[in-house]
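# Observations on chain architecture
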Amino acid sequence: MAQPAGSAQPSFTLPIPTRAPVGRQVRVPKTAELVAGQLRRQIVRGELQPGDALPSESMLMEQFGISRPTLREAFRVLESEALISVRRGAHGGARVSAPDAEVAARYAGLILEYRGATLGDVYQAAAFIEPPCARQLATKHAPEDIARLREAIAAEKAVLEDPLALVDAQDAFHTLLVELTGNQTLILLSGMLRFIIDRANASQVAQVSETGTPTAQARKGHRAHVKLVGLIEAGKADEAEKLWQRHIAGADDYVNAAGPKTVLDLLGD
């Protein structure tokens, strides 16, 4: 990464592992893990911005005092976390990527599938998050929030005859509902759940798209979205929360009624 004239190079000093109490076994981190940890901290803290090029391999090897294989092992760790992308070759190098919630969602989905979780589990988790968000927005919202919700409704209406596009638009509405609360933890957790639900329902969406017409359930969902925005704008917190609880429960019942197998299958055959 090129530095302006007179500016200092970023510091890449490796931390020194601390000693554990006598008699306690500890796992000493590999050098590559320490290097990855140092770079990870700089990315998360914003010292390295998305799109920034990391210094050359030779420069990093000198600054960290490590070998090329160790540096490349550290790069592989960060690549697996989608924190950097590496291009090989004469004009290659490593560039910083923004932390991506989809990476966490994919891994969480695999863990849930391994544990034999059902779609019902995921919908129940969404039911714990989204209805209180609807209540919060009905209690306190800005005019811009209502405007954004109405824009999302308009986007749904514009694709009512396109099943695949309608699913995407309705998913965007769910995402926006949580996003408008401003709670970053809820936004992340809800986003992970929506990602898993979308992948789990992919086969059903494909079946709907073959007919070329939206399902009755999708149209019913659109009407619920329209009604929710009205309740939020009117400040009817109790009604908004109860409506959204029924809406998510209805979606859960519909998906599980499609067949006896409701266990997550995100990997496919």
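None of the values given here were measured: they were computed from a predicted structure.

### Looking at the packing of aromatic side chains
If you walk through the whole model with that rule in mind, you get one aromatic pair. When the centroid spacing of 5.9 Å and the interplanar angle of 50° are considered together, the rings of Phe173 and Trp244 count as tilted. Taken together, the residues span a long stretch of sequence, with Phe173 in helix α7 (residues 163–179) and Trp244 in helix α11 (residues 237–257) at a distance of 71 residues. The exposure classification of Phe173 matches that of Trp244, with both residues buried.

### Focus: the nonpolar core
Counting 34 residues, the largest nonpolar core has Leu149, Phe173, Leu177, Leu228, Ile232, Ala240 and Trp244 as its most contacted members. Of all the elements in the fold, those that place two or more residues in this core are α4 (101–114), α5 (119–139), α6 (143–158), α7, α8 (184–200), α10 (216–234) and α11. When residues of this core are assigned to their parent elements, the largest contribution, eight residues, is made by α5. Once you skip the residues sitting within four places of it in the chain, Leu149 turns out to touch Phe173, Leu176, Leu180, Val229 and Ile232. Grouped together as the second largest cluster of nonpolar side chains are 20 residues, Ile43, Met61, Ala74 and Ala94 included.

### Quick notes on the packing of helix α2 (residues 57–64) against helix α3 (residues 68–80)
Across the interface, α2 lies against α3 with an axial gap of 10 Å and an inter-helix angle of 105°. When the interaxial angle is binned, α2 and α3 end up roughly perpendicular. Listed contacts from α3 to Glu57, Leu60 and Met61 of α2 are Arg68, Leu71, Arg72 and Phe75. Partitioning the contact of α2 with α3 into residue classes produces four nonpolar, no polar and three charged.

Definitions and cut-offs
Residues numbered from 1 in each chain as written. Predicted model: local features only at pLDDT ≥ 70, side-chain atom pairs only at ≥ 80, totals over all residues. Heavy atoms only, no water. Phe/Tyr/Trp six-rings, centres within 6.5 Å; stacked < 30°, edge-to-face > 60°. Helix = DSSP H or I, 4+ residues; strand = E, 2+ residues; numbered from the N terminus. Buried < 20%, exposed > 50% of the residue type's maximum accessible area, 1.4 Å probe, protein only. Core = buried A, V, L, I, M, F, W, Y, C linked by side-chain atoms within 4.5 Å. Contact = heavy atoms within 4.5 Å. Axes fitted to C-alpha atoms, helices over the stretch in contact; angles between N-to-C directions. Parallel < 35°, antiparallel > 145°, perpendicular 65-115°, else oblique. Nonpolar A, V, L, I, M, F, W, Y, C, P; charged D, E, K, R; others polar.

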